[in-house]
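# Tertiary structure, described
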Amino acid sequence: MMRKHFVPFVALLAAGMATLTACGSTQEAPQPARADAVATSPAAPSAEGAGAGDLSLLSGTAKSNNSPAGTGDWAVPNGGVAPEAVRQTAQKWVQLTASRAGDLDPVVVNGAGLTLYRFDKDSNNPPTSNCNGDCAVTWPPVTVAPGGKIFIAGIKKSAVGTVRRADGTRQVTINGWPVYRFAKDTKRGDTLGQGVGGTWFGVTPTGGKAGVPAGDQTAPGTGAPTAPPATSAVLFDDANFSDNGASQGVAGSGCQNLSRPGVASSVAAPGSLKLWTGSNCTGRSVVVNGDVADLAAIGFDDAVASVRFN
């Protein structure tokens, strides 16, 4: 069956009104103070925001895109605090690559091959970083300058964004979660930050916690749930979060109907939610804790019509 997708006229109208012209000059319309995000797909709930449209999302790696040596992630190969000039050079581009590090597979690494992490005390809806001061010295945030580039390999563009930090810099996010390095990781494959304080985990290509299996929501040694209730999800027409087919985002609280029911084969969600086969949360249901790469494995392939958050 051929699936057709339409861009609502109101979305095109809104895009055309993003600038205001006055006195012969063009200037950006005032934007509310909120988290920035790179919008590459209107379906992605984490892709809302303002002011990050000057960033370029490019497929492939920094090397395949012929980035100059000593720039971007390559400028800070090890932990520690870098001089301001080095930080500015490092912020020209950021690389996000789905890879393997130690026992973590998959996990996102940067251009230098260093493991990237997420922090449980942050938030992804709205995207918020709560690691500042000394915390940010131990866990350097992955930041990118205005006009910079983000190279992406094995991660969906719709999952990538930025959030404005307290110091005014823009931190890269994956599915809304701010991402960091760990200062004690000094070479490829290091995962010394995994599980630190029961709140730091390698970040997966979908913004989840690396090393914490889907469905196993007990953090090592804590006995506490690792995934709070989700408030957003992305459902993919194909299994394994494939970008070959279409996808749709859904967000909010309570019961939410899908715009295209009965087509999802995988779901990426930063927490637990309930899937339903009927509209308005009726029919068969199942609770999932985070990402599900193949809905056929739980008997819900091409069957989801609505979801319930919280």
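In case you missed it, the structure is sitting above this.
Note that this is a predicted model, so its numbers are computed, not measured.

When helices and strands are tallied, the chain shows three helices and 20 strands. Contacts in the chain between residues at least 24 apart in sequence constitute 65% of all its contacts with a sequence separation of at least 6. Total accessible area on the chain is roughly 14600 Å²; 54% of this is exposed by carbon and sulfur atoms.

Look at the link from Asp-105 to Pro-106: it is a cis peptide, with omega at 5°. Inspection of the secondary structure assignment puts Pro-106 in strand β5 (residues 104–109). Notably, Asn-175 is not glycine yet its phi reads approximately 50°, a positive angle. Phi angles above zero are rare outside glycine, and Cys-281 is one such case at about 55°. Within the fold, Cys-281 resides in the loop between β18 (272–278) and β19 (282–289).

Turning our attention to the state of the cysteines. Per the stated rule, a full pass over the model turns up two disulfides. The side chain of Cys-131 participates in a disulfide bridge whose partner is Cys-135; the two sulfur atoms lie 1.9 Å from each other. The sign of the S-S torsion, about -110°, decides the handedness of the disulfide formed by Cys-131 and Cys-135: left-handed. When its relative accessible area of 0% is taken as the criterion, Cys-131 is described as buried.

What follows is about the sheet that holds strand β9 (residues 149–153). Taken in spatial order, the four strands line up as β3-β9-β4-β5 in an open sheet, and their pairing is mixed. With one partner strand each, in any of the chains shown, β3 (56–59) and β5 form the two edges of the open sheet. Each strand of the sheet is rotated relative to its neighbour by a mean of 20°, with strand direction disregarded. Where strand β4 (residues 93–101) meets β5, four bridges bridge the pair, whose relative direction is antiparallel. Following the sheet pairing, Ser-99 is matched in β5 by Val-107.

Moving on, we come to the sheet that holds strand β12 (residues 177–178). Here three strands make up an open sheet; going across it, the order is β10-β11-β12 and the pairing antiparallel. Only two strands of the sheet have a single neighbouring strand rather than two, namely β10 (160–164) and β12. Inspection of the sheet shows β10 paired to strand β11 (residues 170–174) by five bridges, in the antiparallel sense. When the sheet's bridge partners are listed, Val-163 is paired in β11 with Gln-171.

So, on to the packing of aromatic side chains. This structure, assessed with the given rule, holds eight aromatic pairs. When the centroid spacing of 3.8 Å and the interplanar angle of 0° are considered together, the rings of Trp-139 and Trp-200 count as stacked. With Trp-139 in the loop between α3 (134–138) and β9 and Trp-200 in strand β13 (residues 200–202), the pair connects residues that are 61 residues apart, well separated along the chain. The same class applies to Trp-139 and to Trp-200, which are both buried. Among the aromatic residues, those joined into a cluster by ring pairs are Tyr-117, Phe-119, Trp-139, Tyr-180, Phe-182 and Trp-200. The residue whose ring lies beneath Arg-118 is Trp-177, and the NZ or CZ to ring-centre distance is 3.8 Å. The cationic tip of Arg-284 hangs over the ring face of Phe-300; the distance from NZ or CZ to the ring centre is 4.6 Å.

Turning to the pattern of salt bridges, a few remarks are in order. Applying the stated criterion across every chain yields a total of five salt bridges. Residues Arg-118 and Asp-120 are paired through a salt bridge, measuring 3.7 Å at the closest nitrogen-oxygen approach. Look at Asp-120 and you get partly exposed, because its relative accessible area is 25%. The residue Lys-209 makes a salt bridge to Asp-120 at a minimum N-O spacing of 3.0 Å. Taken together, the residues Lys-209 in the loop between β13 and β14 (232–236) and Asp-120 in the loop between β6 (117–119) and β7 (123–124) connect sequence positions 89 residues apart. Classification of Lys-209 by relative accessible area gives buried; the value is 10%. Ionic contacts of the salt-bridge type, sharing partners, join the residues Arg-118, Asp-120 and Lys-209 into one network.

Reading guide: rules and limits
- Residues numbered from 1 in each chain as written.
- Predicted model: local features only at pLDDT ≥ 70, side-chain atom pairs only at ≥ 80, totals over all residues.
- Heavy atoms only, no water.
- Helix = DSSP H or I, 4+ residues; strand = E, 2+ residues; numbered from the N terminus.
- Contact = heavy atoms within 4.5 Å.
- Areas by Shrake-Rupley, 256 points an atom, 1.4 Å probe, with all protein chains shown as cover.
- Disulfide = S-S within 2.5 Å.
- Buried < 20%, exposed > 50% of the residue type's maximum accessible area, 1.4 Å probe, protein only.
- Pairing = 2+ DSSP bridges.
- Axes fitted to C-alpha atoms, helices over the stretch in contact; angles between N-to-C directions.
- Phe/Tyr/Trp six-rings, centres within 6.5 Å; stacked < 30°, edge-to-face > 60°.
- Lys NZ or Arg CZ within 6 Å of the ring centre and 35° of its normal.
- Salt bridge = Lys/Arg side-chain N within 4 Å of Asp/Glu carboxyl O.

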